[in-house]
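Report on the structure
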Amino acid sequence: MAVIEAEQERGLANAMVPALGRVAQVKKETSDTFTLAVEPASAEPLAGFQPGQFSMLYVFGAGELPISISGDPQERSRLVYTVRSVGKLTQLLVSRKPGDVIGVRGPYGTHWPLKAARGKDVLIVAGGIGLAPLRPAIYHILRHRADYGRLIVLYGARSPRDLIYRRQIEEWARLPDAQVLATVDYGGVAWHGHVGVVTGLFRYVRLQPFHTVALICGPEIMMRYVIWELETRGLQPGDLHISLERNMKCGIGFCGHCQYGPNFLCKDGPIFPYHEIRSWFGKYEL
Amino acid sequence: MTIENVTDTLREHPFLQGFRPDHIDKLAAMASEVRFGKNELIFHEGDESSFFYLLLSGSVALEVPTPGRTVRVATLGHGEELGWSSILPSTHVKQFQARSLEEVRALGFDGERLRHACEEDYSFGYALLRAVLQVVASRLQATRIQLLDIYSPVSSKA
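Okay, so let's go over this structure.

On the side of chain B, 26 residues touch chain A, which itself brings 42 residues to the contact. Across the interface of chain A and chain B, roughly 2,900 Å² is buried in total on both sides, 56% from carbon and sulfur atoms. Where chain A touches chain B, the interface holds one salt bridge. The closest approach of N and O atoms between R203 of chain A and E80 of chain B, which form a salt bridge, is 2.9 Å. When residues of the side of chain A that touches chain B are traced back to their parent elements, those giving at least two are strand 4 (63–68), strand 5 (79–84), strand 8 (151–157), strand 10 (194–195) and helix 5 (220–232) of chain A. A per-element tally of the side of chain A that touches chain B places strand 4 of chain A first, with four residues. For the side of chain A that touches chain B, a count of residues per class yields 22 nonpolar, 14 polar and six charged.

Here it is as C-alpha cells:
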C-alpha cells in the first residue's frame, strides 16, 4: 500500500514539472490580446494536443496559469497560445520576448468532439477571446473538409478593434464551403460588417437540428443566450458543447480549485456536452 | 413589380409569417418597391416617422451621430423590417439614422396609411402590431445583451 501511494505521489510530482518552452514569436492581435508561439527549449518535443485542450504556462518567478491552445494541431513543432492581458500574470506572459523561456505543462482537459461530429454540420459560436480554443477545431475541419458537412462560424466581439484573427476570419469567409459571420456590439462608419449581438447572427443561418453539432466558447453569459437560441431552433442539448472556465491551479484534478458541481474543470472539462452540466450551468454559486 | 409579385414577396417575407391571406392582400395594396444606393441615408435621426420598410435585399445600418463620430449600433438585412416607429402616432420621430451599407431593395409602406388600416380593421391591426411587437421585443432583448457587455468578463483561462 505504501509503495502504491509513493508511486502515485511520484506520478503527481512529475505531472507538476513543466517542460521548457522558448517563446518563438509574439503577435499583437488587439490592444490587450497577444498570440505567442512556443517551441521546445530542449531536444524533448512539446506534447501534441487535441483541439480544445489547454496548457499550464509558467512564468518563472511569478506563477502559472491555464491557457487554451489556439494553434494548428497538425503543427508539431510549436504550440500557439492567444492570451488576453487582464492581470499581473497574463501581463507578464504577453510581455515575454522571443527567446525567453517559459514552463509548459500539459496539454490537459477534454477536447471538442470532432470525431463524433463527422458527417454532420459544425456550428462554431465564439465570443471575444473564446475564438482562441475553437481555432484548432476550425483548422482540423478545414484540413479534413470531406469528413464534415457545412462549417458555420459565428463570432462576436465588442468592437471591430476587439476582433482577434481578423485576417484569418476574412480568409475563412472567402471559402466556398464555409459560412463565416462576425458581428460587433458597436462599430464606427468604417466597419461594414454586422452590428449586434452574436445571437442576432442566427437569423442568417439555416440550421439542421438533428444534423448539427455546435461548439461554443465565450463568456458564460454569452453562452447562455446562445444555448437558448439554439434550443429554440431545435438543436439537442447533447449536440451542444461548451467550454467552461474557472480558476485552475494544478491542472490535473488534484487541488480542487476548479470544482464545478461534481466535476473538476481541468480534468473532466473544460469542454462538456451541455446536457451533462445543464443543471449546474448558470448557477450563481458556481 | 406587379401586385401579384408583391403579394408573393410579402407572403414569403419572415416578418409576415402567420399573416392571413387577406391581410397580405391589404399590405400588398399599400406597398411600393423602393431602392437605395450604397451609403445612402434612408432617414435621419429626428425625422418624423413616415415610412415602414420590409427589407428584401442588402443591409442597412442604424447609426447614432455624435459630435466627432458616428456609432453603428445595429445592422438589419434581408427578412427584417426597418422603421417600426412609423406605425406609432405621428408625433413619433426617428431615434436613429439609417444608412444603406450596400444597394438595398425593400417594400415601403406609408406609416399613416398603415395606421389608418389598423384602425379600420382591428384584426389586421392586431396582426401587424403583434408582428411589430415581436421585433421590438427582440431588439430590446438584443439591446439588453449589448448592455451586459457579454464579451468583457475576464478570467484566467483564455
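Text resumes after the structure shown.
All right, on to the environment of G99 of chain A then. Residue and element names in this part refer to chain A. In this structure, G99 sits in the loop between helix 2 (88–94) and strand 6 (101–108). Look at G99 and you get partly exposed, because its relative accessible area is 34%. Separated by 58 residues in the primary sequence, G99 and A157 place their C-alpha atoms 32 Å from one another. For G99, the residues in contact, after removing those within four places along its chain, are R22 and V23.

All right, on to the packing of helix 1 (residues 3–12) of chain B against helix 2 (residues 21–30) of chain B then. All names here are of chain B. It is the contact of helix 1 with helix 2, at a shortest axis distance of 9 Å, that shows an interaxial angle of 125 degrees. The orientation of helix 1 with respect to helix 2, classified from their angle, is oblique. Note on packing geometry: the crossing formed by helix 1 with helix 2 is right-handed. On helix 2, the residues touching I3, V6, T7, L10 and R11 of helix 1 are I24, D25, L27, A28 and A29.

All right, on to helix 3 (residues 111–120) of chain B then. Residue and element names in this part refer to chain B. Turning to helix 3, its buried residues are G111, L114, R115, A117 and C118. Within helix 3, the buried residues cover an arc of 160 degrees as seen down the axis, which keeps them to one side. Of the exposed residues in helix 3, the ones pointing more than 90 degrees away from its buried face are E119 and E120. Those residues of helix 3 that are buried lie in contact with helix 2, strand 3 (51–57), strand 8 (104–110) and helix 4 (122–148). Looking at where helix 3 begins, the residue whose side-chain oxygen comes 3.3 Å from the main-chain nitrogen of E112 is D110.

Residues and elements named next belong to chain A. Counting buried residues along strand 9 (residues 178–184), five of its seven residues qualify, which places the element largely inside the surrounding structure. Pairing geometry for strand 9 and strand 10, over two bridges, is parallel. Pairing of V184 across the sheet is with V195, part of strand 10.

Attention shifts here to the packing of aromatic side chains. Enumeration over the complete set of coordinates arrives at eight aromatic pairs over all chains. Judged by centre distance (6.1 Å) and plane angle (45 degrees), the rings of F52 of chain B and F109 of chain B are tilted. A residue pair is termed long-range when its members are at least 10 positions apart, and F52 of chain B in strand 3 and F109 of chain B in strand 8 qualify at 57 residues. This pair shows no difference in class: F52 of chain B is buried, exactly as F109 of chain B is. An aromatic cluster is built from F15, F52 and F109 of chain B, whose rings are joined through pairwise contacts. For R135 of chain A, the ring lying beneath its charged end belongs to Y165 of chain A, and the centroid distance is 3.7 Å.

Thresholds applied
Residues numbered from 1 in each chain as written. Chains lettered and ligands numbered in written order. Predicted model: local features only at pLDDT ≥ 70, side-chain atom pairs only at ≥ 80, totals over all residues. Heavy atoms only, no water. Contact = heavy atoms within 4.5 Å. Buried area = accessible area lost by both parts, 1.4 Å probe. Salt bridge = Lys/Arg side-chain N within 4 Å of Asp/Glu carboxyl O. Helix = DSSP H or I, 4+ residues; strand = E, 2+ residues; numbered from the N terminus. Nonpolar A, V, L, I, M, F, W, Y, C, P; charged D, E, K, R; others polar. Buried < 20%, exposed > 50% of the residue type's maximum accessible area, 1.4 Å probe, protein only. Axes fitted to C-alpha atoms, helices over the stretch in contact; angles between N-to-C directions. Parallel < 35°, antiparallel > 145°, perpendicular 65-115°, else oblique. Left-handed = near helix turned anticlockwise from the far one by under 90°. Arc of directions from axis to C-beta. Polar contact = N/O pair within 3.5 Å; in protein donor to acceptor, adjacent residues only side chain to side chain. Pairing = 2+ DSSP bridges. Phe/Tyr/Trp six-rings, centres within 6.5 Å; stacked < 30°, edge-to-face > 60°. Lys NZ or Arg CZ within 6 Å of the ring centre and 35° of its normal.

Without other data, these values stay purely geometric and don't point to any function.
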